[in-house]
Each structure stands twice: as structure tokens, then as C-alpha cells.
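Descriptive analysis of the structure
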Amino acid sequence: MAALIACWLSAPDAELALALLQRRGDRASQRHAARQWLQAELQQRQPCLLRESSHGPQPDRGPWRVSLSYGGDFILCGLSRHGQPGVDLCAVDDFAGLHDVATLYFGPQWPGEQPQQAQRFAEQWSELEARSKACLLPLTEWQPAREQTLAAARLLMQQRHGDWVCSAVLLD
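Residues numbered from 1 in each chain as written. Predicted model: local features only at pLDDT ≥ 70, side-chain atom pairs only at ≥ 80, totals over all residues. Heavy atoms only, no water.

Below, the discussion takes up the overall build of the protein chain. When its secondary structure is counted, the protein chain shows four helices and nine strands. When the helices and strands of the protein chain are read in sequence order from the N terminus, they spell out β-β-α-β-β-β-β-β-α-α-α-β-β. Taking 16 Å as the expected radius of gyration for a compact globule of 172 residues, we find that the protein chain reaches 16 Å, a close match to that expectation. Principal-axis analysis of the C-alpha atoms gives the protein chain an extent of 50 × 35 × 25 Å. The buried share among the 172 residues of the protein chain stands at 43%. Accessible area of the protein chain: about 8,600 Å², with a carbon and sulfur share of 52%. Averaging the coordinates of the 16 positive side-chain charges in the protein chain and doing the same for the 19 negative ones gives two points 8 Å apart. (Helix = DSSP H or I, 4+ residues; strand = E, 2+ residues; numbered from the N terminus. Rg over C-alpha atoms; globule rule 2.2 N^0.38 Å. Buried < 20%, exposed > 50% of the residue type's maximum accessible area, 1.4 Å probe, protein only. Areas by Shrake-Rupley, 256 points an atom, 1.4 Å probe, with all protein chains shown as cover. Lys, Arg positive; Asp, Glu negative; His and termini not counted. Charge placed at Lys NZ, Arg CZ, Asp CG, Glu CD.)

Bringing the layout of surface pockets into the picture now. Taken as a whole, the largest pocket holds about 260 Å³ of empty space. Lining the largest pocket are 16 residues, and of these His55, Gly56, Ser67, Leu68 and Lys133 lie nearest its centre. In terms of residue count, strand E5 (residues 65–71) provides more of the lining of the largest pocket than any other element does, four residues in total. Among the residues forming the lining of the largest pocket, the class breakdown is six nonpolar, six polar and four charged. Here the second largest pocket defines a volume of roughly 180 Å³. Looking at the lining of the second largest pocket, the elements that each hand over two or more residues are helix H2 (98–106), helix H3 (117–134) and helix H4 (144–150). A per-class count over the lining of the second largest pocket returns five nonpolar, two polar and four charged. (1 Å grid on protein atoms, 1.4 Å probe; cavity = no way out; pocket = protein on both sides within 12 Å on 5 of 7 lines; lining within 4 Å. Points joined across faces, edges and corners; volume = space filled by probe spheres on them. Nonpolar A, V, L, I, M, F, W, Y, C, P; charged D, E, K, R; others polar.)

By the element assignment, Gln84 lies in strand E7 (residues 84–91). Since its relative accessible area comes to 15%, Gln84 is described here as buried. Once you skip the residues sitting within four places of it in the chain, Gln84 turns out to touch Arg65, Val66, Lys133, Ala134, Leu136, Val169, Leu170 and Leu171. (Contact = heavy atoms within 4.5 Å.)

As a further point, take the environment of Ala11. Tracing the chain through its elements places Ala11 in the loop between strand E1 (5–8) and strand E2 (17–22). Classification of Ala11 as partly exposed rests on a relative accessible area of 38%. In the structure, Ala11 is positioned 24 residues away from Arg35 in sequence and 20 Å away in space, judged by C-alpha atoms.

Pairing between sheet strands relies on hydrogen bonds along the backbone, with the strands arranged either parallel or antiparallel. Taking strand neighbours across the sheet as the criterion, the four strands line up as E1-E2-E6-E5 in an open arrangement whose pairing is antiparallel. The open sheet has two free edges, formed respectively by E1 and E5, since each of these has just one partner strand. Pairwise comparison of adjacent strand axes, ignoring direction, gives a mean angle of 20° for this sheet. Bridging between E5 and strand E6 (residues 74–80) involves seven bridges; their strand directions are antiparallel. Note on E6: the bridge partner recorded for Ser69 is Leu76. Helix H1 (residues 27–45) contacts E1, E2, E5 and E6 of the sheet and is inclined by roughly 30° relative to E6. (Pairing = 2+ DSSP bridges. Axes fitted to C-alpha atoms, helices over the stretch in contact; angles between N-to-C directions.)

Attention now goes to the side chain of Gln30. Structurally, Gln30 is set in helix H1. For Gln30, a relative accessible area of 1% puts it in the buried group. In contact with Gln30, other than residues within four places in its own chain, are Arg23, Gly25, Tyr70, Gly72, Asp73, Phe74 and Ile75.

As C-alpha cells, then:
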């Protein structure tokens, strides 16, 4: 069985505590390992149990909110007692149709072919997914009203980790 490796991307007591977990295996085993880690982490902070919700596992009581994202061997976990977190991992990948997808989800302001467009796409996609999670909204195509709603979630961190971009936002 593959071990779970955890490293903090922020201070564990930060406004939005971010941990990057790594575990090889299929998605079901990754989810199980992430939930076990999360349960142990929450027990240290404020004893409670996890309950499943349509937005993933959440503490059954107390101030803590959780957001998880899975990508490859990585699991990004955000914990906050200051608001609703949203986290996301996106692979940096220059795939066919990138421009069409970007225009559909990021709007007409997305430029044409550009240097490092795969990096820019991963950054924007990761931020979009994280903001959508924090606002508890489904991923939708670009429209001005969506942008106004998602703007309420503050981007707290975005960094590249290998071939992945990690984004974390918080809706106060």
C-alpha cells in the first residue's frame, strides 16, 4: 500500500490552512486516505466527525470548512474557520482545443496563441474552479454575472508545484 505524504503549503493555523497530500493509487484509495488524514487533522483542531455533502466531506459541527481537489497523485486540502474555502489543482497541459475551452470559460478577453498559454490556462482554470467551490456554485461558462459572483472569493495563494498549479481562495 502506498503511503500518504503530507506537506503544508501554509502555516497549519493560517486563515486558510493548505496541505498538499501525495498518494499513488486509484482515486478511491486517494479519497479514502485524504478523508482519514482530514479526520485526524480535524480531531486535533476541534474533535468532530466528517459528514459527506454534495461539496465533499465537511465537519459535522463547529466553525471548520473544507475544500479538496485531486490531480494525479496529489490532493490539495484547504481548511478554514474564517469562511468557505475553495481549492483546486490543474495540470499544465497544452492540449488540443485549449483556446476554444479558454474562450468559453474565461470569456472573449482570452488572447489568441501566446507564449506559455498552457501555464496561463492552468492558472486561470485552477482559480475559476477554486472560486466556484468557495461560492458553492457549479462550473459554468463565462458570463458577466458569474464573474461578479465569483469575485467575492479572495485569491489567497496560487503556485506551481511540478506540472500542477495550485489555487486557494476564501469566501468570507
